[in-house]
Amino acid sequence: MTVQSSEKSSRRGRRSSTMGGMPLNDMPWWRWRSNVRSALHMLSDPDFQRDVWLAGADGYGDVTDAVYRLVEDTWLDNWSAEKYVGTIFRDSQEAALVDTAVLRVLRIMHQVGPDAPVSAYMEHHAWLEAVRAARDAHVRLAVSDGDDPDAEPKTLEVLRILTRAA
C-alpha cells in the first residue's frame, strides 16, 4: 500500500483542473468565488462598461446584475469578506480588496438607485474610484486563480454553464 504524502493530499497551493479558464473545486465555495469574480471583472473594466453596458448589448446583464452577483450569496453588503477567507477568498489581502470594491460600488448604488441607467453610474463622481477598487480586487483574484485578468468578461450564460459544471 502506498501512502500519499501530506503535500499530495493537501489542496492548499495547488491548482485543480480548469474549465473555461476558471479553476474547479480548488476553493470550497468556488461557485460563489466565480460569481464574485465575474462581477468584479465587469465592474473593473471601463471599456467593457462603455461597449457592452452603455451600448445595451445582450448577454452580460447590467450594473445592478453585477452588484447582485457580488453580494447575493455572500452577503458582502452585510459583513466583511474576511469571513470567507479559506472558502471563497484565499487570504486576507483578497478579502480586503473585495471589501473595498464592494463598499465603493454599494455607496454609489445607494446614491443613484439600483434601477438607474448605466450612464448614471458611469457619470457619478466616485465611479472611477470604484472601478479602480474593483480592478485591484479582480486582478488579485484572477492572478491567484492562474487566469489572465485582461481577458474579456464571460457572458452570464457561460458563467451559468461553468458554475453548473463540477
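None of these values were measured; they are calculated from a predicted model.

S.K.: Could you give an account of the overall build of the protein chain, naming the residues involved and the relevant values?
M.R.: A count of helical and extended segments in the protein chain gives 8 helices and 2 strands. For the protein chain, the succession of helices and strands along the chain, N to C, is α-β-β-α-α-α-α-α-α-α. Counting across all 166 residues of the protein chain, residues that qualify as buried make up 44%. Sequence separation of at least 24 residues holds for 65% of the intrachain contacts in the protein chain that already meet a minimum separation of 6. Total accessible area computed for the protein chain in this model is approximately 9100 Å², and 51% of it derives from carbon and sulfur atoms.

S.K.: Account for the packing of helix α2 (residues 30-43) against helix α4 (residues 63-71), with residues named and values stated.
M.R.: Relative to each other, α2 and α4 sit at 145°, their axes nearing to 7 Å. When the axes of α2 and α4 are compared, the crossing they make is left-handed. Two secondary-structure elements touch here, α2 through N35, V36, S38, A39, L40, M42 and L43 and α4 through V63, A66, R69 and L70. Of the residues that constitute the contact of α2 with α4, the class distribution is 8 nonpolar, 2 polar and 1 charged.

S.K.: Describe the nonpolar core, with residues and values.
M.R.: One finds L40, L43, W53, F89 and V98 to be the most contacted residues of the largest nonpolar core, which totals 39 residues. Elements represented by at least two residues in this core include exactly α2, α3 (46-54), α4, α5 (92-112), α6 (118-122) and α7 (127-144). Here the element with the most residues in this core is α5; it accounts for 8 residues. Not counting the four nearest positions on each side in its chain, V98 is found in contact with L40, L76, A81, F89, A137 and L141.

S.K.: Lay out α2 with the relevant residues and their values.
M.R.: The terminal C-alpha atoms of α2 lie 20 Å apart, and with 14 residues this matches the ideal 20 Å at 1.5 Å per residue to within 8%. In terms of burial, α2 is largely enclosed, as 12 of its 14 residues are buried. Residues of α2 that are buried: W30, R33, S34, N35, V36, R37, S38, A39, L40, H41, M42 and L43.

S.K.: How would you explain the pattern of salt bridges if you had to name every residue and give the values?
M.R.: Counted by the stated rule, this structure contains 12 salt bridges. A salt bridge links D147 to R37, with the shortest nitrogen-to-oxygen separation between them at 2.9 Å. Here the residue D147 occupies a position in the loop between α7 and α8 (156-164), and R37 occupies one in helix α2, the gap between them amounting to 110 residues. R37 shares its class with D147; the two are buried. Between D145 and R90 there is a salt bridge, with its nearest N and O atoms 2.4 Å apart.

S.K.: Outline the packing of aromatic side chains, supporting the account with residue identities and numerical values.
M.R.: Per the counting criterion, the structure on display carries 7 aromatic pairs. With a centroid separation of 5.3 Å and an interplanar angle of 70°, the aromatic rings of F48 and W53 are classed as edge-to-face. A relative accessible area of 4% places F48 in the buried class. Feature note: the residues W29, W32 and Y84 constitute an aromatic cluster, connected by ring pairs. The ring centre of W79 lies 4.2 Å from the NZ or CZ of K83, which sits over that ring.

S.K.: Break down the confidence of the model for the protein chain for me, with residues and values.
M.R.: Mean pLDDT for the protein chain: 87, with 84% of residues reaching 70 or above. Contacts from residues 1-20, a stretch scored under 50 in pLDDT, to residues over four places away or in other chains number 27 contacts.

S.K.: How would you sum up α8? Please name residues and give values.
M.R.: Turning to α8, its buried residues are L156, L159, L162 and T163. Along α8, the residues classed as buried sweep out an arc of 120° about the axis, all on the same side.

Scoring rules and cut-offs
Residues numbered from 1 in each chain as written. Predicted model: local features only at pLDDT ≥ 70, side-chain atom pairs only at ≥ 80, totals over all residues. Heavy atoms only, no water. Helix = DSSP H or I, 4+ residues; strand = E, 2+ residues; numbered from the N terminus. Buried < 20%, exposed > 50% of the residue type's maximum accessible area, 1.4 Å probe, protein only. Contact = heavy atoms within 4.5 Å. Areas by Shrake-Rupley, 256 points an atom, 1.4 Å probe, with all protein chains shown as cover. Axes fitted to C-alpha atoms, helices over the stretch in contact; angles between N-to-C directions. Left-handed = near helix turned anticlockwise from the far one by under 90°. Nonpolar A, V, L, I, M, F, W, Y, C, P; charged D, E, K, R; others polar. Core = buried A, V, L, I, M, F, W, Y, C linked by side-chain atoms within 4.5 Å. Expected span 1.5 Å × (residues − 1). Salt bridge = Lys/Arg side-chain N within 4 Å of Asp/Glu carboxyl O. Phe/Tyr/Trp six-rings, centres within 6.5 Å; stacked < 30°, edge-to-face > 60°. Lys NZ or Arg CZ within 6 Å of the ring centre and 35° of its normal. pLDDT = per-residue confidence, 0-100. Arc of directions from axis to C-beta.

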